[in-house]
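# Close look at the chain arrangement
Okay, here's what each chain looks like letter by letter:
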Amino acid sequence: MFTGIVEELGEIVRSTETGDDSALVAIRGPLVTSDARHGDSIAVNGVCLTVVDVDGGVFTADVMGETLRRTALGALRPGDPVNLERAAALNSRLGGHLVQGHVDGVGEVVAREPAAQWETVRFRLPAELARYVVEKGSITVDGVSLTVAEVGDDWFSVGLIPTTLKLTVLGTKQVGDPVNLEVDVLAKYVERLMGGAR
């Protein structure tokens, strides 16, 4: 479980195919690897990955074909920056919202509107996820916990403060770039429970 508060901007070091449908990815992240051990969870652009090995500030993780197909991780290349967050401890503050690291779909940046102190960014999202996104609700974009500002039939927008623009990959995403989306898991549970109560 994560909070959507990015701890570090890391970097893809390499990605090595380990079969027809998997890869071993190496990611540089001195902060998140400072106490990482084999088996720990680290979110990479919002995708929960399991640490296989740690060596000199770089950790490796196995990425299955399912993950490569359902997320934007497969589009990353060596040198690309990534948002990193270690799994939350039970005694830590919940600065964002409950984030599982289970990506629901891939969205796309469709517009950026700079302002004096922040920037409004609009994202397109898959139609099947739209029902889970509400104004002033929470959504995770590339691992960043954000508050939804506006919602349309197939889009939503958020306001990014200077800290988010500077310390996460969202500051450099361009129109057309893919992003990992995770909707609020509570909305999915409510939908399931309401459907079961009919």
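Residues numbered from 1 in each chain as written. Predicted model: local features only at pLDDT ≥ 70, side-chain atom pairs only at ≥ 80, totals over all residues. Heavy atoms only, no water.

Turning next to a nonpolar patch on the surface. Residues Met1, Leu94 and Leu98 make up a contiguous nonpolar surface patch of about 290 Å² in total accessible area. Within the secondary structure, Met1 sits in the segment before β1 (8–19). (Patch = residues over 30% accessible without salt bridge, like charges linked within 9 Å, V, L, I, M, F, W, Y side chains within 5 Å. Areas by Shrake-Rupley, 256 points an atom, 1.4 Å probe, with all protein chains shown as cover. Salt bridge = Lys/Arg side-chain N within 4 Å of Asp/Glu carboxyl O. Helix = DSSP H or I, 4+ residues; strand = E, 2+ residues; numbered from the N terminus.)

Take the sheet that holds strand β6 (residues 81–86) next. One closed barrel accounts for six strands, arranged β1-β2-β5-β4-β3-β6; its pairing is antiparallel. Pairwise comparison of adjacent strand axes, ignoring direction, gives a mean angle of 45 degrees for this sheet. For strand β4 (residues 47–55) and strand β5 (residues 58–64), the ladder comprises four bridges, and the chain directions are antiparallel. From the neighbouring strand, Val54 faces β5, where its bridge partner is Phe59. (Pairing = 2+ DSSP bridges. Axes fitted to C-alpha atoms, helices over the stretch in contact; angles between N-to-C directions.)

A separate point is the nonpolar core. If you look at the biggest cluster of nonpolar residues, it comprises 20 residues, and the most contacted ones within it are Phe123, Val133, Ile139, Val141, Leu146 and Phe156. Of all elements in the fold, only β8 (119–124), β9 (138–141), β10 (144–151), β11 (155–160) and β12 (178–183) reach the threshold of two or more residues within this core. When sequence neighbours within four positions are dropped, the list of residues in contact with Val133 reads Leu125, Ile139, Val148, Val151, Phe156 and Val183. Residues Val32, Ile42, Leu49 and Ala61 belong to the second largest nonpolar core, which totals 19 residues. (Core = buried A, V, L, I, M, F, W, Y, C linked by side-chain atoms within 4.5 Å. Buried < 20%, exposed > 50% of the residue type's maximum accessible area, 1.4 Å probe, protein only. Contact = heavy atoms within 4.5 Å.)

A separate point is the sheet that holds β11. Sheet strands associate in pairs through backbone hydrogen bonding, adopting either a parallel or an antiparallel arrangement. The sheet built from six strands closes into a barrel, its strands ordered β7-β8-β11-β10-β9-β12 with antiparallel pairing. With direction set aside, neighbouring strand axes in the sheet form an average angle of 45 degrees. Pairing analysis gives four bridges linking β9 to β10, with the strands arranged antiparallel. Looking at the pairing, Thr140 lines up with Ser145 of β10.

The subject of this paragraph is the pattern of salt bridges. Close approach of charged atoms allows side chains with opposite charge to pair. By the definition in use, this model includes 11 salt bridges. Residues Arg69 and Asp21 are paired through a salt bridge, measuring 2.9 Å at the closest nitrogen-oxygen approach. Here Asp21 lies in the loop between β1 and β2 (22–28) and Arg69 lies in helix α1 (residues 65–70), a separation of 48 residues in the sequence. A relative accessible area of 54% places Arg69 in the exposed class. Residue classification places Asp21 among the partly exposed residues on the basis of a relative accessible area of 43%.

Tracing the sequence through the fold places Ser157 in strand β11. Residue classification places Ser157 among the buried positions, given a relative accessible area of 2%. For Ser157, the contacting residues outside a window of four places in its chain are Thr120, Val121, Arg122, Thr147, Val148, Ala149 and Glu150.

Another aspect to go through is the environment of Thr163. Residue placement: Thr163 occurs in helix α2 (residues 162–167). Its relative accessible area of 47% is what places Thr163 among the partly exposed residues. Separated by 45 residues in sequence, Thr163 and Trp118 have C-alpha atoms that sit 9.3 Å apart.

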